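Architecture and fold: a report
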Amino acid sequence: MNTIPMVLVLDDNAEDLEMVDIQLRKFGYATLAKRDPASILRRLYTGRERGTNRPILTNNYPTLAVLDYEMHHAPDSSRRVEELLQFLWENYPNCRVIMYSSVLGRSDVRDRINTAHPLALLEDKRPAVDALVQRIHRA
């Protein structure tokens, strides 16, 4: 059985989101691209098991997540990036995470990311999006 890797793409900037999404699809990846963490979380689980705090996961099983850290223009601000990171860490341990942002040089941001997902890789957003997609594809 041949499965297509699913990549989560999160970026509050619609143009950047579309550019990354299109490029990843050109390489043959299935994508779940959204502008806010709440939208992605809604696609990953449908609720909690009765009597427990365990999420009921959907059939969307990401193998890679490419997430922008800053969400100033997100249409839904009810959930934070750190919540999505922690959810991925707890429920999809084999999903590789790449965080990209221009604020990753700040130690407080790196600490928040590391607390939520200790294995998240950090990438500077300042180079062109095409360069980011090429690095993802090579990895």
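Check the entry above for the structure.
Below, the structure is looked at part by part. Predicted model, so just to flag it, every value in this text is computed and none were measured.

Let's talk about the overall build of the protein chain
Broken down by element type, the protein chain carries five helices and seven strands. For the protein chain, the N- to C-terminal ordering of α and β elements is β-α-β-α-β-β-β-α-β-α-β-α. Its C-alpha radius of gyration of 14 Å places the protein chain within 12% of the 14 Å reference for a compact globule of 139 residues. Judged by the C-alpha coordinates and their principal axes, the protein chain covers about 45 × 40 × 30 Å. Counting every position in the protein chain, which comprises 139 residues, the buried fraction comes to 43%. Contacts in the protein chain between residues far apart in sequence, at least 24 positions, make up 66% of those at least 6 positions apart. Put simply, the protein chain shows about 7900 Å² of open surface, and 48% of that area lies on carbon and sulfur atoms. Each charge class in the protein chain was averaged separately, 19 positive and 19 negative side chains, and the resulting centres sit 5 Å apart.

Thoughts on helix 4 (residues 107-116)
Considered for burial, the residues of helix 4 that qualify are Val-109, Ile-113 and Ala-116. Buried residues of helix 4, seen end-on, are gathered within an arc of 70° and therefore sit on one face of the element. Among the exposed residues of helix 4, those pointing more than 90 degrees away from its buried face are Asp-111 and Thr-115. On the buried face of helix 4, the contacting elements are helix 3 (81-91), strand 6 (96-101) and strand 7 (121-124).

Re the packing of aromatic side chains
Overall, the coordinates contain three aromatic pairs when judged by the stated rule. Where Phe-87 meets Tyr-92, the ring centres are 6.1 Å apart and the plane angle is 55°; that geometry is what we call tilted. The exposure class of Tyr-92 is buried, given its relative accessible area of 1%. A connected cluster of aromatic rings, assembled from ring pairs, spans Tyr-45, Tyr-61, Phe-87 and Tyr-92.

Observations concerning helix 2 (residues 37-44)
Counting buried residues in helix 2 gives six out of eight residues, a clear majority hidden from the surface. Considered for burial, the residues of helix 2 that qualify are Pro-37, Ala-38, Ser-39, Ile-40, Leu-41 and Leu-44. Where helix 2 is buried, its residues meet strand 1 (6-10), strand 2 (30-34), strand 3 (45-48), strand 4 (55-57) and helix 3.

With respect to the pairing of strand 5 (residues 64-68)
Consecutive side chains along a regular strand alternate between the two faces of the sheet. For strand 5, the tally of buried residues reaches five of five residues, placing the bulk of the element in the interior. Of the two faces of strand 5, the one lined by Leu-64, Val-66 and Asp-68 and the one lined by Ala-65 and Leu-67 are each fully buried. Where strand 1 meets strand 5, four bridges bridge the pair, whose relative direction is parallel. Bridge pairing links Val-9 to Val-66 in strand 5.

Reading the values: the criteria
Residues numbered from 1 in each chain as written. Predicted model: local features only at pLDDT ≥ 70, side-chain atom pairs only at ≥ 80, totals over all residues. Heavy atoms only, no water. Helix = DSSP H or I, 4+ residues; strand = E, 2+ residues; numbered from the N terminus. Rg over C-alpha atoms; globule rule 2.2 N^0.38 Å. Buried < 20%, exposed > 50% of the residue type's maximum accessible area, 1.4 Å probe, protein only. Contact = heavy atoms within 4.5 Å. Areas by Shrake-Rupley, 256 points an atom, 1.4 Å probe, with all protein chains shown as cover. Lys, Arg positive; Asp, Glu negative; His and termini not counted. Charge placed at Lys NZ, Arg CZ, Asp CG, Glu CD. Arc of directions from axis to C-beta. Phe/Tyr/Trp six-rings, centres within 6.5 Å; stacked < 30°, edge-to-face > 60°. Pairing = 2+ DSSP bridges.

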